[in-house]
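Topology and contacts: notes
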Amino acid sequence: MSTLSEQIPSWMPGWRRTKDRVATAAISAGGAGVLMAILLIFFYLLYEVFPLFQSAKVEQLYQYTIEQSDTRYLAIEEQGELALAISETGEALFFDARDGATRLQVDLAEPAGMGRAPLLQIVEQSPESRILGLGYGSGEVLLVKHDYRLTYPNDVRVINARIEYTYGPAALAVLPPGSQLGQLAVRDAEEALVLAASDSQGRVHVLRYTKEENFLSGEIELTEERLQLDRLVDGIEAIFVDSSQRWLYVLDTQANYLVVDLASVDALGNLGVADSGSLFESGACLASATQLLGGISLLAGSTEGELAQYFVTTNAEGSRLAQVRTFESNAAATVSMLPEQRRKGFLGLSDSGELEIFHTTAGRRLIQIELSQQQLANAALSPRADRLLVEDSQGQFSYWDVHNKHPDISWDALWGKVWYESYQEPEYIWQSSASNNDFEPKYSFSPLAFGTLKAAFYAMLIAAPLAICGAIFTAYFMAPALRRKIKPLIELMEALPTVILGFLAGLWLAPFVEASLAGVFSLMLFMPVGVLFFAFLWSRLPLGLRARVPDGWQAAILIPVVILIGYSCFAANDTVELLFFNGDMRAWVTTDLGISFDQRNALVVGIAMGLAVIPTIFSIAEDAIFGVPKHLSYGSLALGATPWQTLVGVVLPTASPGIFSALMIGLGRAVGETMIVLMATGNTPIMDANIFEGMRTLAANIAVEVPEAEVDSTHYRVLFLAAFVLFMFTFVVNTFAELVRQRLRIKYGSL
């Protein structure tokens, strides 16, 4: 008779060792591959996000002089290749911004018949419009526009400059005859043109032209209206008209301001003052002022180095000029400010030749650098804010490259309350785009993070109790034969695509919940009470009757009970609404409680996402409970403990690491869910804990806006930052969960 070792082929042990090694290597490679994939995702997100936090850079490229002297106005076109300088006598010189070579000379005053009359004021309506108001000493104003056209002769790009007379070569008389022009402001819009000017006596005159298009000739006809401020102002330093042509700002040398309402005119054509005060609490004098992109905000700098942003806010008490934010500046005094033409940023130039770059929404200074040891006379910023042309007091021009791709990102802009233009107070807002370039992008992550946690909270509120209680009963009390049917059925729910759940939640569940709101809350109230009451009645039945139901099959008896309670709650919906809610619970919630109601709300999301999360939590928790060694529970029962005492004192503590892991994995699934939130809510980024209001989550926001974002733009990279925040949130939660799980395993591992 042969022994067992003789029956085993000699090659078998070696083959098994080979298979073990191959399996070990494959499993190790798979685990390493998963870790490597996670690391690659992490570093790719960092690669896309890192440029958001790069510092601004300014580098000098060229230095030269030009033929013209006494420059009063300086501008540079889109490509940064052609510049414009206007002298005191109205001569416009177009020259190469890189070497100063003359391209074109135009006498602006000649067609208007102004001769060599000196220009007292050259003002821009706004840098992006390129419309200039040339104010002469006689009180007349000539409106011109410098324009640039691209041509490609022989496939070579050529920039052609020209001057257009916006309303013809004739000058407009803003001041009465004999008046001397002081300060000037121009604001042109589709329906009206507003010119505001001060005279030497401190009077402010406003000339408003209403535009009407002749439907036969297509020409614009102007209807004139003359207005005047009803008080005198000494030492007027600057005048501005906002983009809506509603507000007129008058600033004097002492930094006092008047806000004049151009829509409020008395019978004599006099304008009233809506607000007045001082721009700076320190009492410093005004050094410079300008308007930010969009013409809503006012920027002002004092002689003591203070910089601040202002705009008009309106409430029940009236309209006032509010100081929105201040900026840290090391300059003794900012003598000139250049607003960017496509972003809410600006450049500040000091009297000592220093440059500072600021962004208003971010509320921070990006860079400070010395451009020249001489005092700066004029400066111009290209429309793309990537080229800067500066002239010093000696007539020397310098051409600079500006690298400042993403200035509008800061910790405060992402997570703090920001006072945005036209808002009455600081708020958390996400609104990444609009229909025009004057828009102020709002990149607050707070409403998105709040919406993410809100959706996860309501989903877990519904899913966690049902999944954990179901896992406990299935693993510990249910008969094995019934368990073999129930467990796969619940796990099969996990295979249902979330887009289907979102589709059903948005098109069927949301209207159903709205129409049967009383039934939904009745179900939440009476279902647990009804089940407990039925269990109490079951316990009072004779033992012989209860013994007819096999042990572990009692849950099957609850099926008709659950159906009956559910049907009764929804059948009584109309009756409950008539008795307690005046026939309409939704209207009662809105009118009597003052709680807003949106059809696609957090309640709908909680139900739909709860159904999606339940299988995940149930499956892991059930395996953890079922995997508790039987000798532990048998020993507890043998010592006289009841099944419930054994469950609470032995089984659940032993299975607690697995149950906790199930909850954390379910939470991660709820936090990262996209399609259900996208389709079952209003997808509005608001911070409201109201269960009847919707939300927008980080994941849903990424899914919605990434296809529309311009590649490498700030918006594009901010969305990647949102993905990085979501990634780090999941990483931190999972790390915390693993630490807790390990401690639970150590604590209860000795049972």
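Residues numbered from 1 in each chain as written. Predicted model: local features only at pLDDT ≥ 70, side-chain atom pairs only at ≥ 80, totals over all residues. Heavy atoms only, no water.

Turning to the sheet that holds strand β24 (residues 345–350), a few remarks are in order. What the four strands build is an open sheet, ordered β23-β24-β25-β26; its pairing is antiparallel. Each of the sheet's edge strands pairs with one partner strand only, and the pair in question is β23 (334–339) and β26 (364–370). Ignoring which end each strand starts from, the neighbouring axes of this sheet average 20 degrees apart. Alignment of strand β25 (residues 354–359) against β26, held across six bridges, turns out to be antiparallel. When the bridges of β26 are listed, Glu354 appears paired with Glu370. (Pairing = 2+ DSSP bridges. Helix = DSSP H or I, 4+ residues; strand = E, 2+ residues; numbered from the N terminus. Axes fitted to C-alpha atoms, helices over the stretch in contact; angles between N-to-C directions.)

For the rest of this paragraph, the subject is the pattern of salt bridges. According to the stated counting rule, one finds 27 salt bridges in the structure shown. Across the salt bridge formed by Glu48 and Arg717, the nearest N and O atoms sit 3.1 Å from each other. One end of the pair, Glu48, is in helix α2 (residues 12–49); the other, Arg717, is in helix α17 (residues 714–748), and 669 residues separate them in sequence. A single burial state applies to Glu48 and to Arg717, both of which are buried. Residues Glu224 and Arg226 are paired through a salt bridge, measuring 3.0 Å at the closest nitrogen-oxygen approach. Residue class for Arg226 comes out partly exposed when judged on its relative accessible area of 41%. Connected via shared salt-bridge partners are Arg130, Asp147, Arg149, Arg162 and Glu164. (Salt bridge = Lys/Arg side-chain N within 4 Å of Asp/Glu carboxyl O. Buried < 20%, exposed > 50% of the residue type's maximum accessible area, 1.4 Å probe, protein only.)

The terminal C-alpha atoms of helix α6 (residues 498–515) lie 24 Å apart, and with 18 residues this matches the ideal 26 Å at 1.5 Å per residue to within 8%. The axis of α6 is deflected most strongly, by about 45 degrees, at Ala505. Within α6 the residues assigned to the buried category are Thr498, Leu501, Gly502, Ala505, Gly506, Leu509, Ala510, Val513 and Glu514. Looking at the packing, one finds that the buried side of α6 touches α7 (517–539), α11 (585–591), α12 (602–626), α14 (643–672) and α15 (675–680). (Expected span 1.5 Å × (residues − 1). Bend = angle between axes of the 7 residues up to and from the residue. Contact = heavy atoms within 4.5 Å.)

A large share of strand β13 (residues 204–213) lies buried, amounting to seven of its 10 residues. Note: strand β12 (residues 192–199) against β13, seven bridges, orientation antiparallel. Counted as the bridge partner of Ala192 is Thr210 from β13. Two elements, β13 and strand β14 (residues 220–229), share nine bridges in a ladder whose sense is antiparallel. Bridging from a neighbouring strand, Leu207 pairs with Arg226 of β14.

Under the counting rule described, the total for this entry stands at 29 aromatic pairs. Arranged with centres 5.4 Å apart and planes meeting at 15 degrees, the rings of Trp508 and Phe512 form a pair that is stacked. Of this pair, Trp508 and Phe512 are both found in helix α6, four residues apart, which corresponds to roughly one turn of the helix. Since its relative accessible area comes to 53%, Trp508 is described here as exposed. Taken together, the ring pairs in this structure connect Trp411, Trp415, Trp430, Tyr443 and Phe445 into an aromatic cluster. (Phe/Tyr/Trp six-rings, centres within 6.5 Å; stacked < 30°, edge-to-face > 60°.)

What follows is about the sheet that holds strand β1 (residues 57–64). The antiparallel open sheet is built from four strands, whose spatial order is β1-β29-β28-β27. Each of the sheet's edge strands pairs with one partner strand only, and the pair in question is β1 and β27 (376–381). Put simply, the sheet's adjacent strands are angled 25 degrees from each other on average, direction ignored. Bridge analysis of β27 against strand β28 (residues 387–392) gives five bridges, and the strand direction is antiparallel. Paired with Ala379 across the two strands is Val390, which belongs to β28.

Grouped together as the largest cluster of nonpolar side chains are 76 residues, with contacts concentrated most on Phe445, Met609, Ile617 and Ile625. With 14 residues, α12 is the largest single contributor of residues to this core. In contact with Ile617, not counting residues within four places along its chain, are Met460, Ala463, Ala464, Ala467, Ile468, Ala662, Leu663 and Gly666. Formed by 20 residues, the second largest nonpolar core is a distinct cluster that contains Phe94, Leu132, Tyr148 and Ala161. (Core = buried A, V, L, I, M, F, W, Y, C linked by side-chain atoms within 4.5 Å.)

Moving on: the side chain of Ser636. One can find Ser636 in helix α13 (residues 630–638). Ignoring any residue separated from it by four or fewer positions in sequence, one finds Ser636 in contact with Ala641, Thr646 and Val650.

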